[in-house]
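Each chain, letter by letter, is given below.
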Amino acid sequence: MNVRFGVLGTLRVVEGERDLTPGPAKHRTLLAALSLRPGRALTVDRLIAEVWGEEPPASAEPVLRVYVSALRKVVGGIRTVPGGYLLDVDPDEVDAHRFERLVSAGRRARDAGRTAEAAEGLRAALALWRGPALADVDSAELRRAYALPLEELRLTALEERVELDVALGRGAEVAGELRALVASHPLRERAWAQLVLALGQAGRRSEALGAYREARRLLVGELGLEPGPELREAHERVLAGSTPARAVPNVPVGGASARAVPNETPPDVADFTGREHALEWIRRSVPVAGSAPIHLVLHGPAGTGKSALAVHAAAGLDFPGGRLHASLGARTPGAVLEDLLRSLGCPQGAVPADLAERTRLYRSMVSGRRLLVVLDDAADEAQVRPLLPAGPGCMTLVTSRSPLSGLEAARAFELGVFDADESVEMLARVAGERRVRAEPRAAARIATLCGGLPLALRIAGSRLARRPSWTLEHLAGRLEDERGRLDELSAGDLAVRGSLALGYHALSERERLLLRRLGALSAPHVAPWAATAVLGEPAGRLLEALAEAGLLRARGLDASGQERYDWHDLTRLYAAERLAAEEGPPARVLAAATGEILDRARRARALLLPAEPGSGRTVARTAEQAADLDTARLRESARWLAAERGFLVATVADLRRAGLDEAAWRLAFYLTPFLELGAHREDWHAVVELGLRSARRTGHRHGEALLLRSSADLHRTQGRLEEAADLLQRALPLAEAHEVPRTRHRLGLVRLAQGRRPEAEACFVACLAAFSAAGDRRGRADALRALGGARQAEDLLHGSLAAYRELGDPRGEAAVSLDLAGLYLDRKRPAEARERAERGLGLARRLGDRLPEAAGLVLIARVALAEGRPDAARGAAEEALGTFREYAERRGAARALLTLAAALLDLDEVAEAVDAVSGAVGEFDALGDRHGLTEAEELAREASRRRGLRV
C-alpha cells in the first residue's frame, strides 16, 4: 500500500488507515522539505538551512543524520545520495504535486473549450486542501519558497474555477463562496468582478450593484485607486442586464501585437553570480497568460545586488507584451507614469496632468499586454501602487530596501549577503579566476571582510583587476583595519560608504541618532530594550523604521518573545563612523547604557541561581511553590539569556575597549552561570578572559577572584583538572570572606574529578560548616549535594533536595533527582531510580534546560535497560545523543553512546553496538576520563566477543 504525503494543511503521512506523521517538530520540517521535492536530491546544506534556518547549531550535520535515521523507521523511500538525501516516491503521492497537476489539467481543458471538465478538474484540485500550506512546519525557508506560492496558486485556481462555474450558469451556486473569498481577500479585484457577475446572473441585481459599490469603496479607500477594467466591465454588464452564461476567454484580447513592444530593461550583468534560489523563486512566480498579475518585491540592505538580480532575471523571462523599466529613487509616481506612458506609445502632449487620470490611462494601455515592469529602488508603497499593471499575465519586479509590507497582493523575497562560496565566485569573476585560485585563503579572507556583500565584493574585485601587481593577501591586509575598511571599499563611482550614506541621509533626525548610537555596539543583533538603553528613550518604532529603510533587518521574535534586529558589518562600521564624527567616542553612549545592561544581566543571574548572596530572591517554602512559582521565571530567564547571549558577550568586549572596566568584569561574571548551563564554552572563555583583564586593570582583587573561579569551572568541565586546581588556589587569597567557601567548594569538585576523594570530602565538609554558620542556604544546598555525591550518601542527597526546594530552585532539585536516580540504579533499585529520573527529566524539560534533559534521558535509558526494555533504552539514548552532539557536549555524548551500545547489544544488533561503543571509547580517551574509558573498553570487549572477534 502506497504512503501518501500531505502538505496542503498540517503535515500528514498516511498509509491506508495508518497515520505515520512524525511527532517531533524538526522531523516534520525535514520530511516536508523532502516531500516537497520528491525524487530530487537535496544537499545536506540545503536541508540544514530549511530545518534550522539562518543559525543552525554547530552539530547540525550529525543531528540531521539522526533525524533521517529516525524518519526511515517510519517512512520508506528516503535514500542517501552523494552530498545529501532524496525521497524516492511518485510525485503524485504528494498532495501539493497532485494539486499542481490537476490545476494544469484543468487549465488545458479550459483552453480547449471543455468548460465543464475544466471546472470539475479545478474543483478536484482545490478539494485536496485541508488548511494553510505547511501549517505546522516551522521553517521560514519552506514557507517563503513553497507555502506562499502554493497559497497564491490556490487562490488563483479558485478564481478560475468560479469563473468557469459562472460561465456554466452556476452563479447562484457560487455567490456564497465568492462572498467568503472577498471577505478574506478584500483587495482581489478579480474576485469582486466574479461576485458582481454571479449575483447578476442569479437575478440579484441590487446585491450585485451593492457589491460593486463596496468593492469600489475598499479600493479607493485602501489603495487610492479606481476599479480596474475587469471590475468596471462586470458592473456595466449588470447595469445593462447582460449577465447570462458566457464563454470563458482562452487568450488575452486587446491587439497587443499591433502595438510597439517596448524593451527598456538595462543590459544583463555579464559577471552576475549566484542567487539561484531567488531566480528560481522569480521563475516559478511568472504568471501564465490570462492569470492574475503577479507583483514581486526584492528587498534587502544596500549593496546586496537587488537591481542586478532584477535585470538578470528580466533578461531570461519571456513577456511578449514587452519590458518596461523605471528607476524610482525620490521621483513621484506621476513623473514615473509620464515616462511609462510615453514608452507605451502615448503621443507627446496627450499625457493627463492628474495622477488618477494618468493611472487610469496607464492601466488601459497595458490592458491586453502580457508585460514585465521592473521598478528599481522603490521608497515606499505609495510610490509603487499607481505603477502596477493590472492586466492578466503581467508581472512586476520591484526592488527596495524595504519589504513594502503594505503593498497588497505582493510577494516579497529578502535578499541577503552571499555565502562563502558565492562570495569567492563573484570575486573570481571580477578579479580573474586564476588570481583567486592562486590565493584561496586570501580570497576567503577578503570575502569574509566584505561580509558577503555583493557591492563590496565587486569593488574589491575591481580594485584587484585595476592593480595586477597587487596580491590578494595585500588587499586582505588593507581591509583588516576596521577604521579604514570603508575607505578601501571604493572604486570609481562605486563606494560602499556612498551607498550607505544615501540611506542614512534619507532618515529622520531621531532615526539617524539611533543608528549612529547603535554604532557603539559590536553585537551582531540587538533587541528594543538595548536600543532604548543606548538612545535614552523608547526605540521600538525607530528600529522598525530603520528595518523598513533596509539599514537594519528584522529577524523575527527570539526565544524570549522579543523582536530582534541585525545589520551588516559594513553598516555597523558606517554607523560607528557617524557616531565618532557627530558625537565623539562611543564611551559616553556605552556609559549611559551600562546601568540598564548590568541590571538586566544581574536579575537574570539571580533567577538562574536562587538565593545566591546578593540575589534578593524571595524563598519559596514548599516543593509545590518551587515548581509552580519559580519554574516559569527560571525558564523565562534562561530564554532571555539565550536570546541575548551574542549581544551580552559582545558588550563585554565593547565595555573593555571603551575603558569601562568595572562594568566589563561585572557583566562577564553575571554571564558565566548561563554560559556553563548551555555549554557555550567559546563565549565562556572569551568573557572570562576579558573580565579578568578588566578586573586586574582596575585592581579589583575580589573581581579577579570571581573570574578566576569561573575560569576554573570552565577548565574542570573540559577535563583540564590540574589547570582548574591551580586557578582556584590563586583565587583563594583574593576572594572576599563570604566567597572563600564557594571557591573551596569548587576545589573539592576538582579533587573529586581527579580521584582524590579524601581531599574532596574534606573540602565539602569544611564548606558545609562555613555555609551553615553564615546562613548561606544556597551554599549549604550545593555542599550537601557535593558531599552526598562523593560519599554516595542517600541521606545527604535527600537533605540537599529539601534545601533546593526551600530555596525555590527547581534546577537544583532536578540535578539532585538525577543524582539519586543514578545512586538507586547502582544499588539495584530500578523502580525508585525511574521515579527520580522522571522527576528530574520533567523539571529539566519544564525549565527548557536541554543538557540536563539529555542527562535525564541517559538515566531513563539505563533504567529501561535494568528493567529489560532495550527498545525504550535505545530511543532515549538516541534522543540524548542528538542533544549532546547539538551542543558539542563530548562527555555527555560519550555516556549516551555507551548506554546506546548496551541497548543495541541487548537487541542483538551487534554491528551497530560495536560502532557506538567505539565512538564512546574514542571520546572518553580524548577527554582523559579513565573511569569512562574502563567502562567503554569492557563493553567493547563484550561486543567484539559477541561478534566473534578478538579484541
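Residues numbered from 1 in each chain as written. Predicted model: local features only at pLDDT ≥ 70, side-chain atom pairs only at ≥ 80, totals over all residues. Heavy atoms only, no water.

### Concerning the environment of Glu 408
No. 1: Here Glu 408 shows up in the loop between β10 (395–400) and β11 (410–414).
No. 2: Each C-alpha atom, one on Glu 408 and one on Glu 222, is 9.4 Å from the other, the two residues being 186 residues apart in sequence.
No. 3: Contacts of Glu 408, omitting those with residues within four sequence positions, involve Leu 187, Glu 222, Leu 223 and Arg 385. (Helix = DSSP H or I, 4+ residues; strand = E, 2+ residues; numbered from the N terminus. Contact = heavy atoms within 4.5 Å.)

### Some points on helix α30 (residues 681–698)
No. 1: Its 18 residues give α30 an end-to-end C-alpha distance of 26 Å, which sits within 8% of 26 Å, the value for a rise of 1.5 Å per residue.
No. 2: Gly 699 sits one or two positions beyond α30 and adopts a positive phi of about 75 degrees. (Expected span 1.5 Å × (residues − 1).)

### A word on the packing of helix α37 (residues 810–826) against helix α39 (residues 850–866)
No. 1: Packing of α37 against α39 brings their axes to within 10 Å, and their N-to-C directions diverge by 20 degrees. Viewed along their axes, α37 and α39 adopt a mutual orientation that is roughly parallel. Between α37 and α39 the crossing geometry is left-handed. For the pair α37 and α39, the contacting residues are Leu 818, Ala 821, Gly 822, Leu 825 and Asp 826 in the first and Pro 852, Ala 855, Gly 856, Leu 859, Arg 862, Val 863 and Ala 866 in the second. (Axes fitted to C-alpha atoms, helices over the stretch in contact; angles between N-to-C directions. Parallel < 35°, antiparallel > 145°, perpendicular 65-115°, else oblique. Left-handed = near helix turned anticlockwise from the far one by under 90°.)

### Some thoughts on the packing of helix α40 (residues 870–886) against helix α41 (residues 890–906)
No. 1: Axis separation between α40 and α41 bottoms out at 8 Å; the angle between their running directions is 155 degrees. The orientation of α40 relative to α41 falls into the category roughly antiparallel. As α40 runs across α41, the sense of the crossing is left-handed. Counted together, Pro 870, Ala 873, Arg 874, Ala 877, Glu 878, Ala 880, Leu 881, Phe 884 and Arg 885 of α40 and Gly 892, Ala 893, Ala 896, Leu 897, Thr 899, Leu 900, Ala 903, Leu 904 and Asp 906 of α41 form the full contact between these two elements.
No. 2: A breakdown of the residues in the contact of α40 with α41 according to their chemical character gives 12 nonpolar, 2 polar and 4 charged. (Nonpolar A, V, L, I, M, F, W, Y, C, P; charged D, E, K, R; others polar.)

### Considering the packing of aromatic side chains
No. 1: What the rule picks out here adds up to 7 aromatic pairs.
No. 2: A ring pair is formed by Trp 52 and Tyr 67, whose centres lie 5.7 Å apart and whose planes are at 20 degrees; its orientation type is stacked. Of the two residues, Trp 52 sits in helix α2 (residues 44–52) while Tyr 67 sits in helix α3 (residues 60–72), which places them 15 residues apart along the sequence. Of the two residues, Trp 52 and Tyr 67, neither departs from the other in class, the shared state being buried.
No. 3: Relative to Trp 640, the ring of Trp 529 lies with its centre 5.7 Å away and its plane at 40 degrees, an arrangement referred to as tilted. With Trp 529 in helix α24 (residues 528–535) and Trp 640 in helix α28 (residues 623–657), this pair connects stretches of sequence that are 111 residues apart.
No. 4: Judged by its relative accessible area of 8%, Trp 529 falls in the buried class.
No. 5: Taken together, the ring pairs in this structure connect Trp 529, Trp 640 and Phe 647 into an aromatic cluster.
No. 6: Note that Arg 144 overlies the ring of Phe 413, its terminal NZ or CZ placed 4.9 Å from the centroid.
No. 7: Cation over ring: Arg 605 sits above Phe 669, and NZ or CZ is 3.9 Å from the ring centre. (Phe/Tyr/Trp six-rings, centres within 6.5 Å; stacked < 30°, edge-to-face > 60°. Buried < 20%, exposed > 50% of the residue type's maximum accessible area, 1.4 Å probe, protein only. Lys NZ or Arg CZ within 6 Å of the ring centre and 35° of its normal.)

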